[in-house]
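So you can see what is in the structure, the chains are spelled out below.
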Amino acid sequence: MTTTLPGPAAKAEQVPGAAPAQRTLTYAEAVREALAEALRADPRVFLLGEDIGVYGGAFGVTGDLVHRFGEDRVRDTPISELGIVGAAVGAALAGMRPVVEIQFSDFTAQAMDQIANQAAKIHFMLGGAAHVPLVLRAPSGSGTGAAAQHSQSLEAWFAHVPGLKVVMPATPADAKGLLLAAIDDPNPVVFLEHKLLYKQSGPVPAGADRVPLGRAAVRRQGQDLTIVATGVMVSRAEEAAQRLLAEEGIGATVVDPRTLVPLDESAIVSAVAATGRALLVQEAPRTCGYMAEIAALIADSEAFGRLRAPIRRLSGLDVPIPYAPRLERAAVPQVPDIVAEATRLVRSW
């Protein structure tokens with residue numbers, strides 16, 4: 001049996017600071033640009049999902065794509081996540097490259113049979129004779145007042161399923177580059193876009209440059225501890241690192257895995273070995289969260305012998321996300337929480 005999942009991780013990309021920007025896009029605009037470039041370049045690519053046509057998507061991401069590429073390429077679907085993903089699996093097996101939009105990542109629960117039992121397994125069950133080049137885009141996370149059924153962080157669900165690749169871009173440039181790479185990939189990719197990032201702006205290269213799956217980004221370097229963060233927590237970790245240096249004289253390295261599957265293990269291990277301390281930050285609830293896997297990775301690696309302090313996790317609370325804004329903020333790590341936890345980690349050990 002042959003498989004393309006996953007090979008050795010590529011070397012981490014060093015991102016010491018903001019590069020001179022030729023242009024600035026929002027995260028949502030970067031996703032839309034990637035979709036447009038994929039649609040233009042490959043007639044096998046098409047989009048499907050609820051309200052992605054004239055309405056432009058629940059968060060406005062698909063915008064005017066239906067007017068630019070037509071209803072055959074940008075397909076509005078009935079309200080049936082199971083049917084949407086099932087149709088996409090069939091289309092992928094028939095040689096197409098569907099890109100599904102699920103309005104909220106929470107709604108993937110309605111389609112988990114197709115995601116976990118069909119898309120993820122067909123390649124393996126048929127001995128490598130078939131591929132499922134399917135991308136499933138899903139807005140995730142809290143912060144919009146959407147309450148418990150529309151605000152979850154479910155990346156650990158998907159990462160636990162062999163056969164799925166899982167991507168969590170944290171910047172506009174990565175949203176574009178990783179999405180193009182995901183559409184190219186012969187395997188099913190779950191592409192989690194945090195809602196709070198859609199309006200954030202940043203430099204995005206023109207053209208169709210890919211960001212390879214399985215390559216982490218070192219967003220910032222420091223000597224006292226390593227912060228590993230995903231999704232919206234990356235920008236919060238960077239802000240916390242700036243405050244730590246200015247207020248406490250603590251230098252923090254910030255590592256953004258970018259893809260959870262495949263995972264750039266060497267980048268994380270190297271960064272932790274260099275600083276001797278690890279703070280792992282996620283929005284998702286603590287119990288069985290993905291950062292527990294990162295902690296196990298560090299404990300099983302050569303970085304363990306270099307640790308000067310216990311590995312610490314800073315996670316969301318083990319509660320459904322509340323509707324009330326103050327409670328919603330209290331349920332997931334904020335910048336002051338990262339600053340406080342990092343300070344304790346460095347000062348106590």
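Report on the accompanying structure. (Residues numbered from 1 in each chain as written. Predicted model: local features only at pLDDT ≥ 70, side-chain atom pairs only at ≥ 80, totals over all residues. Heavy atoms only, no water.)

A closer look at the sheet that holds strand S5 (residues 97–101)
Heads up, the condition is: Strand pairing is assigned whenever DSSP detects at least two bridges linking the two strands. Numbering of helices and strands runs from the N terminus, with a helix taken as a DSSP run of H or I at least four residues long and a strand as a DSSP run of E at least two residues long. For helices, the fitted axis covers only the stretch in contact; all axes are lines through C-alpha atoms, and the angles between them, taken along N-to-C directions, range from 0 to 180 degrees. Any pair of residues with heavy atoms lying within 4.5 Å of one another is described as a contacting pair.
Here seven strands make up an open sheet; going across it, the order is S4-S3-S5-S6-S8-S7-S13 and the pairing mixed. Only two strands of the sheet have a single partner each, and these edge strands are strand S4 (74–76) and strand S13 (259–261). When strand polarity is set aside, the average angle formed by the axes of neighbouring strands in this sheet is 20°. Sitting on the sheet, helix H1 (residues 27–41) touches strand S3 (45–49), S4, S5, strand S6 (135–140) and strand S8 (189–194), and the angle it makes with S3 is about 130°.

Here we look at empty space enclosed by the protein
Put simply, the rule reads: A cavity here means a set of points on a 1 Å grid, drawn over the protein atoms and nothing else, where a 1.4 Å probe fits but cannot get out; a pocket is an open set with protein on both sides within 12 Å along at least five of seven lines, and a residue lines either one if it has an atom within 4 Å of a point. Grid points are joined across faces, edges and corners, and a volume is the space filled by probe spheres set on the points.
Taken as a whole and judged by the stated rule, the model has two cavities of 30 Å³ or more. In this structure, the largest cavity occupies an estimated 100 Å³ of space. Around the largest cavity, the lining comprises 15 residues; the ones closest to its centre are Met 168, His 194, Gly 231, Val 232 and Glu 283. When residues of the lining of the largest cavity are traced back to their parent elements, those giving at least two are S8, helix H8 (232–248) and strand S14 (278–285).

Quick look at helix H9 (residues 265–275)
Turn by turn, an α-helix covers 3.6 residues, leaving residues three or four places apart pointing in a common direction. Counted only if it meets this: The buried label goes to any residue with under 20% of its type's maximum accessible area, the exposed label to any with over 50%, and the partly exposed label to all in between, with areas taken from a 1.4 Å probe on protein chains only.
All buried positions along H9 are accounted for by Ala 267, Ile 268, Val 269, Ala 271, Val 272, Ala 273 and Thr 275. On its buried side, H9 packs onto strand S11 (225–229), strand S12 (252–256), S14 and helix H10 (290–299). Phi for Gly 276, located one or two positions after H9, is positive at around 80°.

Observations regarding the environment of Glu 302
Note on placement: Glu 302 falls in the loop between H10 and strand S15 (312–316). Remark: the alpha-carbon pair of Glu 302 and Val 272, spanning 30 residues in sequence, is separated by 9.7 Å.

Details of the packing of helix H3 (residues 81–93) against helix H4 (residues 112–119)
The geometry of a pair of packed helices is captured by two quantities: the angle between their axes and the separation between those axes. Applied cut-off: Any angle from 65 to 115 degrees is called roughly perpendicular, while one under 35 is roughly parallel, one over 145 is roughly antiparallel, and all others are oblique. The classification used treats Ala, Val, Leu, Ile, Met, Phe, Trp, Tyr, Cys and Pro as nonpolar, Asp, Glu, Lys and Arg as charged, and all other residues, Gly among them, as polar.
Where H3 meets H4, the closest approach of the two axes is 8 Å, and the angle between their N-to-C directions is 25°. What the angle tells us is that H3 and H4 run roughly parallel. Packed against H3, whose contacting residues are Leu 82, Val 85, Gly 86 and Val 89, the element H4 presents Gln 114, Ile 115, Gln 118 and Ala 119 at the interface. Class assignment of the residues belonging to the contact of H3 with H4 gives a composition of five nonpolar, three polar and no charged.

Concerning the nonpolar core
Condition: Within this scheme, the nonpolar core is defined by two criteria: the residues are buried Ala, Val, Leu, Ile, Met, Phe, Trp, Tyr or Cys, and they are joined through side-chain atoms within 4.5 Å.
Membership of the largest hydrophobic core comes to 59 residues, with the highest contact counts inside it found for Leu 225, Ile 227 and Leu 279. Residue contacts for Ile 227: discarding those within four places in its chain leaves Ala 237, Leu 244, Ala 252, Thr 253, Val 254, Val 255, Leu 279, Val 281 and Ile 338.

So, the packing of aromatic side chains
In plain terms, the rule: When two rings of Phe, Tyr or Trp (its six-membered ring) have centres within 6.5 Å they constitute a pair, described as stacked for plane angles under 30 degrees, edge-to-face for angles over 60, and tilted for the intermediate range.
Tallied over the entire structure, the rule returns four aromatic pairs. Taking 5.4 Å as the distance between ring centres and 70° as the angle between the ring planes, the aromatic pair formed by Phe 59 and Phe 104 counts as edge-to-face. Pair noted here: Phe 59 is in the loop between S3 and helix H2 (65–69) and Phe 104 is in the loop between S5 and H4, with a separation of 45 residues, a long-range link. Phe 104 sits in the buried class, given a relative accessible area of 14%. Chaining the aromatic ring pairs together yields one cluster made of Tyr 27, Phe 59, Phe 104, Phe 107 and Tyr 198.

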